[in-house]
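# Secondary and tertiary structure notes
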Amino acid sequence: MMIRKNIRISIIAGSLIALFSIFFISCHQSKRTDLDTPSSGTIHISVDESFKPVIDSQIKVFEALYPKAKIIAEYKPEAECFKDLIKDSTHMIIVTRGLTPEEEKFYKDSLSYSPTWSKVANDAIAVIENRESKDSLLTMEQIRGILDGSTGDTTLAVFDGLKETSTVRFAVDSILRGKPLDPKKVFAEDGSQQVIDYVSTHTGVLGFVGVSWIGNPEDSSQLSFLNKVRIASIKCSCPEESYIQPYQANIILKRYPMVRGLYYILKENYNGLGSGFATFLEYERGQLIFSRAYLAPAKMNFTIRKANNE
């Protein structure tokens, strides 16, 4: 009798443990996948402020296609985006570079998996000046001399922040090749919009902004910017040595001397809303939005034809 009772107790206990295990696993999976899918749910992403206009457009179209999806974007300096990548609440960052091998190892050790990343477009840094300025033709040597203070040029330069922005990083790494910016010649505003506003009211200063802020003539807000400032032409290193602007064809062919990539870095090890948005950016609709914003899509081939001037 006692043996049968013990057997019944063991069976009941085992059943309860099994039910609890199933419930626990189901709840755990619910936290990981049921709250967001590739086309529904709510996620937070961090985006380099240089790309606010085009990423706003991407999110608007994506959410229109998938009404149950909500992507909350925070726009900030690039270095802050990378700091956000370790936060549980951040599913994706959109920045101007991928992960280094050291960063991949760090995130794999911290998260137990490596974030995925891919280039989705090419962007350019536009140089803008006041419409009253006399000379809109510049060489990279002139720009370099202004930024490092090595020439007697009195022109000043304004950036979207002196620390941790992708535009400043590009200037130091790619234009000055590691030399520091001259603090007497270079200063900062709080963001790209503020750079445009400052240049529109001051002569003798060059502003440096991502082309998605200024390069789309079909955007009414950007047309209003272009009524205040103009885009400088930079001497290219092409055979004809002409002065060119960051038009789409010049970005695609890398004739324009200040071209950089646009990347997403995705921190999901399941098929969630971040994965759905990443796929959207890589495929036709997302690539066409980059194209309409006058960036150069990285996943779509383009045929460039000479214009007929007749």
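Residues numbered from 1 in each chain as written. Predicted model: local features only at pLDDT ≥ 70, side-chain atom pairs only at ≥ 80, totals over all residues. Heavy atoms only, no water.

Under an unreviewed UniProt entry, the name given to the chain is Phosphate ABC transporter substrate-binding protein, PhoT family, and the organism recorded is Hanamia caeni.

### Thoughts on the overall build of the chain
Rules: Here a strand is any run of E in DSSP of at least two residues, a helix any run of H or I of at least four, and the numbering for each starts at the N terminus. In this scheme, a residue with accessible area under 20% of its type's maximum is buried, one over 50% is exposed, and one in between is partly exposed, where area comes from a 1.4 Å probe on protein chains only. Here, residues are in contact when the closest pair of their heavy atoms is within 4.5 Å. Every accessible area reported is derived by Shrake-Rupley at a probe size of 1.4 Å, with residue values counting cover from the shown protein chains alone.
The helix and strand tally for the chain stands at eleven helices and 13 strands. By residue count, 47% of the 310 residues in the chain fall in the buried class. Long-range pairs, those at least 24 residues apart, make up 74% of the contacts in the chain between residues at least 6 apart in sequence. Total accessible area on the chain is roughly 16600 Å²; 54% of this is exposed by carbon and sulfur atoms.

### Describing the pattern of salt bridges
How we decide: The term salt bridge refers to a side-chain nitrogen of Lys or Arg lying within 4 Å of a carboxyl oxygen of Asp or Glu.
Under the criterion given, the structure shown has 14 salt bridges. Where Asp-84 meets Lys-76, a salt bridge forms, and the shortest distance between an N and an O atom there is 2.7 Å. For the pair shown, Asp-84 and Lys-76 are each scored as buried. For the salt bridge of Lys-299 with Glu-282, the shortest nitrogen-to-oxygen distance reads 3.6 Å. Placement of Lys-299 in the segment after strand E13 (296-297) and of Glu-282 in helix H10 (residues 273-282) is noted, with a sequence separation of 17 residues between them. A network of salt bridges, in which partner residues are shared, links Glu-74, Lys-76, Asp-84 and Lys-87.

### Examining the nonpolar core
To keep it simple, the criterion reads: In this text, buried Ala, Val, Leu, Ile, Met, Phe, Trp, Tyr and Cys residues form a nonpolar core when linked through side-chain atoms within 4.5 Å. Boundary definitions for the domains trace back to an automatic or database domain assignment.
One finds Ile-94, Val-127, Ile-143, Leu-147, Met-258 and Phe-277 to be the most contacted residues of the largest nonpolar core, which totals 56 residues. When residues of this core are sorted by domain, at least three fall in each of domain 1 (41-122 + 261-297) and domain 2 (123-259). If sequence neighbours within four positions are ignored, Phe-277 has contacts with Ile-45, Gln-58, Ile-59, Phe-62, Ile-71, Met-92 and Ile-94. Core analysis: the next-biggest nonpolar cluster, separate from the first, contains 14 residues, Val-195, Val-209, Trp-213 and Val-229 among them.

### Description of the sheet that holds strand E11 (residues 243-244)
Defined as follows: Two strands are said to pair when DSSP picks up at least two bridges between them.
Pairing is mixed across the open sheet formed by three strands, whose spatial order is E5-E10-E11. The sheet is open, and its two borders are formed by strand E5 (137-138) and E11, each paired with just one other strand. Two strands pair when backbone bridges link them, and strand E10 (residues 233-235) and E11 are joined in this way by two bridges, in the antiparallel orientation. Note on E11: the bridge partner recorded for Lys-235 is Tyr-243.

### Describing the pairing of strand E6 (residues 156-159)
We count it as follows: Clockwise travel from the first strand over the helix to the second, with the strands pointing away from the viewer, marks a crossover as right-handed.
Where E6 and strand E8 (residues 205-210) come together, three bridges link them in parallel fashion. The partner of Val-158 across the bridge, within E8, is Gly-207. Pairing of E6 with strand E7 (residues 186-188), which is carried by three bridges, proceeds in the parallel orientation. Paired with Val-158 across the strands is Phe-187, a residue of E7. For the handedness criterion, the β-α-β arrangement of E6, helix H6 (residues 166-175) and E7 is classed as right-handed.

### Quick notes on the state of the cysteines
A covalent bond bridging the sulfur atoms of two cysteines is what the word disulfide describes. Under the convention used in this document: In what follows, a disulfide is any cysteine sulfur pair within 2.5 Å.
Summed over the entire model, instances satisfying the criterion amount to one disulfide. The disulfide partner of Cys-236 is Cys-238, and the gap between their sulfur atoms is 1.7 Å. Pair check on accessibility: Cys-236 and Cys-238 agree, each one buried.

### A word on the packing of helix H2 (residues 52-65) against helix H11 (residues 284-292)
To be explicit about the condition: Angles shown run from 0 to 180 degrees and are taken between the N-to-C directions of axes, each axis being a line fitted to C-alpha atoms and, for helices, limited to the stretch in contact. Left-handed is the label given to a crossing in which the near helix is rotated counterclockwise from the far helix by less than a right angle, and right-handed is the label when the rotation is clockwise. Charged means Asp, Glu, Lys or Arg here, nonpolar means Ala, Val, Leu, Ile, Met, Phe, Trp, Tyr, Cys or Pro, and polar covers whatever is left, Gly included.
Taken N-terminus to C-terminus, the directions of H2 and H11 make an angle of 145°; their axes are 10 Å apart at the nearest point. Judged by the twist between their axes, the crossing of H2 over H11 is right-handed. Residues Val-54, Ile-55, Ser-57, Gln-58, Val-61 and Leu-65 of H2 pack against Arg-285, Gly-286, Ile-289 and Phe-290 of H11. By residue class, the composition of the contact of H2 with H11 is six nonpolar, three polar and one charged.

### Quick word on the side chain of Glu-129
Basically, it comes down to this: As used in this structure description, the phrase polar contact means that two N or O atoms lie within 3.5 Å; if the pair is within protein, one of them must be able to donate a hydrogen and the other to accept it, and residues adjacent in sequence are counted only when both atoms belong to side chains.
On the secondary structure map, Glu-129 appears in strand E4 (residues 116-130). Among the polar contacts listed, one links the side chain of Glu-129 to the backbone nitrogen of Ser-136, at a separation of 3.4 Å. Aside from chain neighbours lying at most four places away, what touches Glu-129 is Asp-135, Ser-136, Val-199, Val-205, Leu-206, Val-229, Arg-230 and Ala-232.

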